[in-house]
Structures are given as structure tokens and as C-alpha cells.
Amino acid sequence: MKKILLTGSNGFLGEEIFNELKQDYEFILLDKDDNQFNSSTENSIFYKIDIRDKNQLIKIFQDHKIDIILHCAAELLDEKNSNKVWETNYNGTNNLLDLADEYKVEKFIFTSTFSLFEKNYNTPINEKELPSAIVDYGRSKYAAENLILRHNYSGDIIIFRCPVIIGKKRLDKLAILFEMIRENVTIWMIGDGSNQIHFIYSKDLIEAMKLSFGLKGKHLFNIGSDNIKNLKNTFISLLKHADHKGEIRHMPKMLGIFGLKFLHLFGVISLGPYHQRMLVSNIVLDTQRIKDKLKWEPKFSNDEMLKECYDYYLKTIDEKKHLTASKKLPNLKIIKLLKFFSFS
């Protein structure tokens, strides 16, 4: 049975990867925080380790013969501590690569992001497009991509450049929308909602990872859903599914962005500059390369994944198990404010 080192195991994606693959692979689970989900199986072991600490990582590689590294750990959009973002996303990745090379790991798989792109794109973005990232998260992930592709590591490399990853247990920003729907408040859209934003369902991403286990060489793949509707039609489909009693209203783009900046500044809503730009931009990835090379096709559209996640949200709203950054409920103060403005 092959052994996988999974970084970021406490995150919603790490948990889903483990649950999907644990019957067929042994797992070494790494996270900087205490283990926060039930991973007690005979085929797994958990270590509380920060990937910035190379000395601790060395002990793991000395004690275990690792076949595959699934590197999902990342410091997210923490604009208040850019050093930590770079130390984790770049230096931490370099630590793993050095040890993967030294200990002859067969395969290194990295989850990157479409946060490399922070402007409006009129056509789908292919893998050759130069980045336009402004925030440190996107810039550090692009630097990590280049580091991986240029490193002396001689094993197989697969980089998945992911759009917004949607999963049942990923609350974070998505819970704001779901709570607005649940409370039947007016859904305010910035601009006319004609822009498209790319998503990928965690199940589809994990299926691509499984297919990549047999792939040789160095590969960079965009990945994402098909049949992408614009944001307004995506919301209409979800609201109809949820039998939402409110309505969708629009506000001018500049006014809306100013309002988000103000609310973010005073801690009413956690949507920083990157998310503010994304909400009014077209950001869709060209996924033809991965379809051709891996013979992979997404099974979930944006509509389908959001509906499935909303239903799960309703079933689990009272549970207090969402402890990591991507799985905990965000600040929902904005809901009270929106209720005030939900007039007919």
C-alpha cells in the first residue's frame, strides 16, 4: 500500500481527500494545528507540524517511506502578515521539495489557485497567461509554482491551478450567502451580475488527483467546472432551489465596492480587497489541457455544487464542529444589516 504525505490535513479539502482515499492508501497527516477530525484508522498517523519547520519535517521523512506528497497546506489571504504568507506558501513548499528530492519521493502534487489573476478577463485563462496577482497570497502561490517546476526534484510533478473550491464543509465566505438565503433577506448584487466566476467541486478535484497518480513528468493544469453561468443566473438557480422568499437587487459597481470596503474596515463583513475585486470580475479558467491529458471531466456544475452544499448547510447549521479557518462560520453581522434593508 502506497504512503501519502498530506499537508493541510485539518482543512476541509484535506479532510475530504483523506476520507476519499484512506481505504486504498496509508496516510501521514500534517497540520500546524491540533488534529480536528476523526482520523483514527490503522492506515494513518497525524503530526502537528508547521511546514516552515524543516527540522521537524526531516524527522517525518526519516521515519516514513513516502511515495506521494499531496501539498494542500497554505496560508490564505492574511494581508496583515505578508511574511507568514510567504514563509508558508513559498519557504514551506521549498522545505517539502528539498526533502522529497533527498528521500526520493515518487510524486509531488500541489494545489495552486486562480488567485494568481486579479483583473477582468474577457476570455478563459489558459496555463500560459501571466499572473496579475496583487495580494501576497496569489503572488506567493505563483512563486511556489515556479519553484516546483524549476527545483532539482526529479520525481513527477502535478500542479492543479484551482478556482474557488466548493465543498460541503467549506463554510467560510459561502456561509454568508447561505445565511442570507436561509433568512430570506434581499440578495444585493454589485453590478449587473453578468460576470462569471469559476468554481470546482472538491469531489471533482479529488477525482483528478486520483487520475494524476499514474501520470509521469511535469504538468501544470487549470481545473474547474463546465457550463458556467453568470453570477446572477447562478444565484437565481440557487434561490429557486431554496424556495427563497426574498429578491435580488443591484447596486452600482463603484458604490458596492465602496460599501464592502467600509464594512470590511469596521469588521462587519470579512471580504477583503481580493474578494471585492473577484465579485465584479470575469475569472474563468481554460480547462482543455487537463481534459485532454488526464481524460478528466467535471461532474458538477456551479449550480449543482452550490445546491448540494446549501442543503448540507441546512442540515448541519447547529453543529459546532467547524473549527478550522475554512470550516468555521464567518462573521455574520452583515445579515442583521441586510435584514434592515430587505424591504419590498
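Coordinates for the structure precede this section.
Residues numbered from 1 in each chain as written. Predicted model: local features only at pLDDT ≥ 70, side-chain atom pairs only at ≥ 80, totals over all residues. Heavy atoms only, no water.

Colleague: Any chance you could break down helix H4 (residues 136–150) for me, citing the residues and the numbers?
Modeller: Taking 1.5 Å per residue as the helical rise, H4 with its 15 residues ought to reach 21 Å, and the 21 Å between its terminal C-alpha atoms agrees with that figure. For H4, the complete set of buried residues consists of Asp136, Tyr137, Gly138, Ser140, Lys141, Ala143, Ala144, Glu145, Leu147 and Ile148. Each element contacted by the buried residues of H4 is listed here: helix H3 (82–102), strand E5 (107–113), strand E6 (156–162) and strand E10 (218–222). (Helix = DSSP H or I, 4+ residues; strand = E, 2+ residues; numbered from the N terminus. Expected span 1.5 Å × (residues − 1). Buried < 20%, exposed > 50% of the residue type's maximum accessible area, 1.4 Å probe, protein only. Contact = heavy atoms within 4.5 Å.)

Colleague: Please set out the packing of H3 against H4 residue by residue, giving values where relevant.
Modeller: It is at 9 Å that the axes of H3 and H4 come closest, and there the two elements cross at 15°. The orientation of H3 relative to H4 falls into the category roughly parallel. Considering only the axes of H3 and H4, their crossing is right-handed. For the pair H3 and H4, the contacting residues are Ser82, Val85, Trp86, Asn89, Tyr90, Thr93, Asn94 and Leu97 in the first and Asp136, Tyr137, Arg139, Ser140, Lys141, Ala143, Ala144, Leu147 and Ile148 in the second. (Axes fitted to C-alpha atoms, helices over the stretch in contact; angles between N-to-C directions. Parallel < 35°, antiparallel > 145°, perpendicular 65-115°, else oblique. Left-handed = near helix turned anticlockwise from the far one by under 90°.)

Colleague: Any details on the side chain of Glu127? Residues and values, ideally.
Modeller: Among the secondary structure elements, Glu127 is positioned in the loop between E5 and H4. At 2.9 Å, the side chain of Glu127 and the backbone nitrogen of Asn222 are in polar contact. If we ignore the near neighbours within four places in the chain, the residues touching Glu127 are Arg161, Leu220, Phe221, Asn222, Asp286 and Arg289. (Polar contact = N/O pair within 3.5 Å; in protein donor to acceptor, adjacent residues only side chain to side chain.)

Colleague: So, the sheet that holds strand E4 (residues 68–71): which residues are in play, and what are the values?
Modeller: If you walk across this open sheet you meet the 7 strands as E3-E2-E1-E4-E5-E6-E10, and the pairing is parallel. A single partner strand is all that each edge strand has here, and the edge strands are strand E3 (44–48) and E10. Each strand axis lies, on average, 15° off the axis of its neighbour in the sheet, ignoring direction. Where strand E1 (residues 3–7) lies against E4, 4 bridges are found, and the strand directions are parallel. Within E4, the residue paired with Leu5 across the bridge is Ile69. Along the sheet, helix H6 (residues 202–212) contacts E4, E5 and E6; its crossing angle with E6, the most-contacted strand, is approximately 165°. (Pairing = 2+ DSSP bridges.)

Colleague: For the layout of surface pockets, give the residues involved together with the corresponding values.
Modeller: Estimated volume of the second largest pocket: approximately 270 Å³. Secondary-structure elements contributing two or more residues to the lining of the second largest pocket are helix H1 (12–21) and H6. Broken down by element, the residue count for the lining of the second largest pocket peaks at 5 residues, all from H6. (1 Å grid on protein atoms, 1.4 Å probe; cavity = no way out; pocket = protein on both sides within 12 Å on 5 of 7 lines; lining within 4 Å. Points joined across faces, edges and corners; volume = space filled by probe spheres on them.)

Colleague: Go over the packing of aromatic side chains with me, naming the residues and quoting the values.
Modeller: Any aromatic ring pair is given by two values, namely how distant the centres are and how the planes are angled relative to each other. The tally for this structure, following the rule as stated, stands at 10 aromatic pairs. Geometrically, the ring pair formed by Phe18 and Phe27 is edge-to-face, given 5.2 Å between the ring centres and 85° between the ring planes. Like Phe18, the residue Phe27 is buried in the burial classification. Ring geometry for Phe61 versus Tyr103: centroids 5.8 Å apart, planes at 40°, classification tilted. (Phe/Tyr/Trp six-rings, centres within 6.5 Å; stacked < 30°, edge-to-face > 60°.)

Colleague: Tell me about a nonpolar patch on the surface, residues and numbers included.
Modeller: Together, Phe258, Phe262, Leu265 and Phe266 make up a nonpolar patch on the protein surface, roughly 510 Å² of accessible area in all. Examined against the element boundaries, Phe266 turns out to sit in the loop between helix H8 (253–265) and helix H9 (273–278). You can call Phe266 exposed: its relative accessible area is 56%. (Patch = residues over 30% accessible without salt bridge, like charges linked within 9 Å, V, L, I, M, F, W, Y side chains within 5 Å. Areas by Shrake-Rupley, 256 points an atom, 1.4 Å probe, with all protein chains shown as cover. Salt bridge = Lys/Arg side-chain N within 4 Å of Asp/Glu carboxyl O.)

Keep in mind these values describe shape, not function.
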